[in-house]
Amino acid sequence: MENNIQEIKTSTIKASPLGGGGGIHVFAPATVANVVCGFDVLGFAVNEPGDEVIMRVTGKPGITISKITGDDGRLPLDPAKNTVSVSVQHYLNSIGRADIGLNIELHKKMPIGSGLGSSSASTVAGLFAIKTLLGDDTDPSNLLPFAMKGEEMACGHGHADNVAPALFGGFVLVRSYEPLDIVRLPHPEGLYCAIVFPDVDVPTREARQIIRKNIQMKDAVTQWGNIAGLVSGLFMNDIDLIGRSMKDILVEPVRSMLIPDFYKMREMAMELGAISFGISGSGPSVFAFARDEDTANRITQRLQQHLTGISIGSNTYVSTINDKGPRVLG
Ligand code: HSE
C-alpha cells in the first residue's frame, strides 16, 4: 500500500483540474459484510440503498461540511469528527494536497447502525468524489487504507469487509489484513438479495464487544470449511453449495440475541425459498439470498409483516449484487 500511495503523489496531480469551483455528486452502495460465515473477511455490495456525497471546491484550504441529511441529526458536522471529512483529509495529506479546500454535503439514504455499511458508503462516496475531482486515475485500491481509517473512527476497528465491496463493487474477500490483500470474487448472475432492517439500534462497536474472543479448534474447522465452501460455490456457480455453506457458528449465536425473532425470521425466509439467511454485518439488518426477484420480494414482505406484528418498524430492500461500486451522479 505504501508504494501505491507514493505513486499517487507523483502521478495524480498532473491532471489536477481543481480550482474552478467545480463540484461532483457521488453515490456509493450499501454492503453486506461477513456474508454469514466470513466474519471480517467477506462482503458484497448491493444496488440499493446507498449514500450520496456532493463535494465542491472552495478557495480556502481545509474541509467544511455544510449539510447532512437523513441522519436525524446524529452525525457531526465538525470535519474533525466526521468519518467522511477525516478520511478525505488523510487522503489529501498523503498526496501532498492539504492546500485544497473542499465543502461536503452528505446525504444519508440508509439508516445509521443498520449493519448495511452505512459509514463505509459515506466514506467511500467522499473518497471517490475527491479522487474523481483530482483526475486521479490510479487503482481505486489506493483509497482503501483511508476508507478503513473511517471505519476505525466509526466503530473502533478498521475492518475492510464493508469498505472494500463499497469501493470495488461485487463480492470481495479480505485474504489478509497485514499486509492488506483484497481478492475480488465472482458470483452467480441473477442472485437476489432480500434485506430487512428491523428498527432497533445495534451499534457495530457494541456488537463487536460481545463476540467470543477465543474459539475451539473444532468450531474453527467447521467455520473455515464453510468459508471455503462459500467461495467455491461462488466460483462454481453452485447455488446449493453457497446455501449450505452460509452457516456461522462463531458470531451469529451471540449477535442473533440482539435481533428480534431472528430464528423465527430465518424459518420464514427458508420456507419461502431463500437460499440462505443471516445477519448483515453486525446487524440488526438480516438478509437472504434468493434465486429470483419474486421470491426476494415475498421474503421481505413476510418478514416486514412479522416485525410489524411485534410492533417493530422496518425498512426493506431487494437488490441484485452491485458490481460497479461508487458512481458519479452529476
Ligand atoms: N465485520 C464487521 C463486523 C462488519 O461484523 O463487526 C461491521 O458491519
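Before reading further, recall that the structure is shown in the block above.
Residues numbered from 1 in each chain as written. Predicted model: local features only at pLDDT ≥ 70, side-chain atom pairs only at ≥ 80, totals over all residues. Heavy atoms only, no water.

Asker: Break down the overall build of the protein chain for me, with residues and values.
Answerer: The secondary structure content of the protein chain amounts to 11 helices and 11 strands. On the principal axes, the C-alpha backbone points of the protein chain span a range of 60 × 40 × 35 Å. Across the protein chain, contacts joining residues at least 24 apart in sequence account for 74% of those joining residues at least 6 apart. Working note: accessible area of the protein chain is about 13700 Å², and carbon and sulfur atoms make up 51% of it. (Helix = DSSP H or I, 4+ residues; strand = E, 2+ residues; numbered from the N terminus. Contact = heavy atoms within 4.5 Å. Areas by Shrake-Rupley, 256 points an atom, 1.4 Å probe, with all protein chains shown as cover.)

Asker: How would you sum up the site of the ligand? Please name residues and give values.
Answerer: What surrounds the ligand is the set Ala33, Asn34, Phe39, Asp40, His159, Asp161, Asn162, Thr204, Arg208, Arg255, Gly281 and Ser282. With respect to the ligand, the side chain of Asn162 contributes an N or O atom lying 3.0 Å from an oxygen atom. Contacts to the ligand include Arg208, whose side-chain N or O atom sits 2.7 Å from an oxygen atom. When the ligand sits alone it has 260 Å² of accessible area, and the protein chains cover 98% of it. Formed jointly, the shell around the ligand draws a minimum of three residues from each of two domains, domain 1 (2-184) and domain 2 (192-320). (Near = heavy atom within 4 Å. Polar contact = N/O pair within 3.5 Å; in protein donor to acceptor, adjacent residues only side chain to side chain. Domains from an automatic or database assignment.)

Asker: Describe the pattern of salt bridges, and please don't skip the residues or the numbers.
Answerer: One pass over the full model with this rule turns up 11 salt bridges. One salt bridge in this structure joins Asp51 and Lys108, with 2.4 Å as the shortest N-O distance. Within this pair, whereas Asp51 is found in strand 2 (residues 42-58), its partner Lys108 is found in the loop between strand 4 (101-107) and helix 3 (118-133), the two being separated by 57 residues in sequence. The same class applies to Asp51 and to Lys108, which are both buried. (Salt bridge = Lys/Arg side-chain N within 4 Å of Asp/Glu carboxyl O. Buried < 20%, exposed > 50% of the residue type's maximum accessible area, 1.4 Å probe, protein only.)

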